[in-house]
Amino acid sequence: MFRLRSLSFRASLAILIAIATCLALSSPARAADKKKKKPQPAAEQPAGPTKFPFDPKALVWPGSPALPRIHWLDYFTGQKIDYSKLNAKQAKASWMDRLAGDQPTPEKNDSSQLPFQLINPYGIAVDSKGKLYVADSKVGAIFVFNTENHDTVLIRNGFEAHFALLNCLAIDDDDRLFATDGKLHHVLIFKPDHLVEGAITEGLVDPVGIAIDTDNRFLYVVDTQQDQVIVYDADTYKLLRRIGTGGKKHYLTTPGDFGAPTGVAVDKDGNIYVTDTLNNRVEVFDADGAFIRAWGKSGDGPGYFARPKGIAVDADGHVWVADQMNDRLQIFDQEGNLLTYIGVEHGLLPGQFSSLINVAIDKKNRVYTAEQYPGRVQMFQYVTDSEALANKAKHDEELEKAAEVRRAARANKSAAPAPEDAKPTPDKPAEPATQPRP
């Protein structure tokens, strides 16, 4: 019996040794297999300008089959960036460098040499040469863009001027630049060479929106805290009058009064358009400051407002309103009837907006919009009424020509002679006419 147990023990021991040997031989293979299955790090994507999954220059408003009145053109975010330097492979730090807290040489960047980018753009204006001026309070500078090649220079805080809270911009026919500063309670005036020429301080508490009537030489400044539009002589800077009742802490809703107004624009007849922001409406006044009309209600649908701020008037007298909370750029006629709009939902794609805060239109009918959170300015091309009529006439002419071609083709097909195979010959008599079935 003892012998049987001994034999059984020996057999079990042999089986255990065999299993251990198999595990030992297979473990390197399994380790190699695990090594092969180790996930590889994803390849780094090269830095560069934003790429869109479509051609943004094909964007038009309204869409087909209507003839387009607005085309998307371009966008601006700041000074040019050399992305090749950003893609340069950084040297690996040794353990001694890491212990000492040193950075590899490529990581040691001179911040003074880094290009400036838009962070919170607000004010927009365009000079007679087509250069785009954008005020950014977070950067503390006014960006000056060449819209053709994106070359950019800056009017900087602490260098060309002193800024505390840059808001809005306006440029007159002599290319003098007017910039409102809410914290310094004044309007700075720059000469065309970007040197400060003067300042307006009289009567101002919180200047935001600004516009110039170049024909009547009136300068309109919206003072948001005072709930007023203050009118100055654009040449002598003398305070002429005020529009709206001040000192009521944004509570007034009566026609001709304001609740925290922000934007102002002037049409070719000298009428003044003001975004009455907290009242979610646009108010219109004549050149003497007399109230004419108002339109707008609180809401999130087309034609409604939720904190309208920027406003501009195009060459045809249409009124463009930038709505910050709805992120919608709406175009109205002078009576307040909605014509069309851009911006279906919040977003960062071309034609979408994120915290849309201002709008401006230049003499080439290019429309510029400023967004706060993506830090960009988009540029659109507006097709004027006369251009639209010409485009429609050309389109109708092309349709008529295409119709004539189709009519001629059908006529030629009907008048075409019978094929040679169908003609009777001495060897091939004409086929009898088909008889109806009984």
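Residues numbered from 1 in each chain as written. Predicted model: local features only at pLDDT ≥ 70, side-chain atom pairs only at ≥ 80, totals over all residues. Heavy atoms only, no water.

## Quick look at the nonpolar core
What counts here: Residues grouped as a nonpolar core are buried Ala, Val, Leu, Ile, Met, Phe, Trp, Tyr and Cys residues, joined through side-chain atoms within 4.5 Å. Three labels apply to residues, based on accessible area from a 1.4 Å probe with only protein chains included: buried if under 20% of the type maximum, exposed if over 50%, partly exposed otherwise in between. It only takes one pair of heavy atoms within 4.5 Å for two residues to be counted as in contact.
Within the largest apolar cluster, 34 residues are counted, with the highest numbers of intra-cluster contacts made by Leu132, Phe178, Ile200, Ile210, Leu219 and Tyr232. Discounting residues that sit within four places of it in the chain, Ile200 has contacts with His185, His186, Val187, Ile189, Leu219, Tyr232 and Tyr237. With 16 residues, the next largest nonpolar core counts Trp61, Ile70, Ile331 and Ile342 among its residues.

## With respect to the layout of surface pockets
Put simply, the rule reads: Residues are called lining when one of their atoms sits within 4 Å of a cavity or pocket point, these points coming from a 1 Å grid over the protein atoms alone, where a cavity is a set in which a 1.4 Å probe fits but cannot get out and a pocket is an open set with protein on both sides within 12 Å along at least five of seven lines. Grid points are joined across faces, edges and corners, and a volume is the space filled by probe spheres set on the points. Helix and strand labels come from DSSP, where a helix needs a run of H or I of at least four residues and a strand needs a run of E of at least two; each type is numbered from the N terminus. Note on residue classes: Ala, Val, Leu, Ile, Met, Phe, Trp, Tyr, Cys and Pro are nonpolar, Asp, Glu, Lys and Arg are charged, and everything else, Gly too, is polar.
In this structure, the largest pocket spans a volume of roughly 1,200 Å³. The wall of the largest pocket is formed by 48 residues, among which Ile171, Ile212, Val266, Val313 and Ile361 lie closest to the centre. Where the lining of the largest pocket is concerned, the elements lending two or more residues are β3 (121-126), β7 (166-171), β11 (207-213), β15 (261-266), β19 (308-313) and β23 (356-361). Here the residues of the lining of the largest pocket sort into 21 nonpolar, eleven polar and 16 charged.

## Some points on the pairing of strand β2 (residues 70-76)
Just so we agree on the cut-off: At least two bridges found by DSSP between two strands is the condition for calling them paired.
Pairing analysis gives two bridges linking strand β1 (residues 60-61) to β2, with the strands arranged antiparallel. Counted as the bridge partner of Val60 is His71 from β2. Two elements, β2 and strand β25 (residues 376-382), share six bridges in a ladder whose sense is antiparallel. If you follow Tyr75 over to β25, its bridge partner there is Gln378.

## Concerning the pairing of β25
β25 sits mainly inside the fold: six of its seven residues count as buried. Pairing between strand β24 (residues 366-371) and β25: six bridges, direction antiparallel. Looking across to β25, one finds that Thr369 is bridged to Gln378. The turn linking β24 back onto β25 is made up of four residues, and Gly375 within it adopts a positive phi angle of 65°.

## A look at unusual backbone geometry
In this model, Trp61 is joined to Pro62 through a cis peptide bond whose omega is -10°. Relative to the elements of secondary structure, Pro62 occurs in the loop between β1 and β2. The amide bond that connects Ser64 to the next residue, Pro65, takes the cis arrangement and shows omega of 10°. Mapped onto the secondary structure, Pro65 falls in the loop between β1 and β2. You will see that His185, though not glycine, has its phi angle at about 55°, which is positive. With respect to the secondary-structure elements, His185 resides in the loop between β8 (177-181) and β9 (186-190).

## So, the sheet that holds strand β17 (residues 281-285)
Let me state the cut-off plainly: Angular values range over 0 to 180 degrees, each being the angle between N-to-C directions of two axes fitted as lines to C-alpha atoms, with helices fitted over their stretch in contact.
The four strands lie next to each other as β15-β16-β17-β18, forming an open sheet whose pairing is antiparallel. Each edge of the open sheet carries a strand with a single partner, namely β15 and β18 (291-295). Averaged over all pairs of adjacent strands, the angle between strand axes in this sheet comes to 20°, irrespective of strand direction. Taken together, the five bridges between strand β16 (residues 272-276) and β17 define a ladder with antiparallel strand orientation. Bridge pairing in β17 places Ile272 opposite Phe285.

## Points about the packing of aromatic side chains
To keep things clear, this is the line we draw: Classification of ring pairs uses Phe, Tyr and Trp, with its six-membered ring standing for Trp, and accepts pairs whose centres are within 6.5 Å; under 30 degrees between planes counts as stacked, over 60 as edge-to-face, and the remaining range as tilted. We count a charge as sitting over a ring when the NZ of a lysine or the CZ of an arginine lies within 6 Å of the ring centre and within 35 degrees of the ring normal.
By the definition in use, this model includes 14 aromatic pairs. A centroid spacing of 6.2 Å and a plane angle of 75° characterise the contact between Phe52 and Tyr75, whose relative ring orientation is edge-to-face. Note that Phe52 is positioned in the loop between α1 (2-37) and β1 and Tyr75 in strand β2, a separation of 23 residues in sequence. Residue classification places Tyr75 among the buried positions, given a relative accessible area of 18%. An aromatic cluster is defined as three or more aromatic residues linked by ring pairs; in this entry it consists of Phe52, Phe54, Trp72 and Tyr75. One residue, Arg156, lies across the ring of Phe159, its end atom 4.0 Å from the ring centre. Here the guanidinium or amino end of Arg328 rests over the ring plane of Tyr341, the centre of that ring lying 5.7 Å away.

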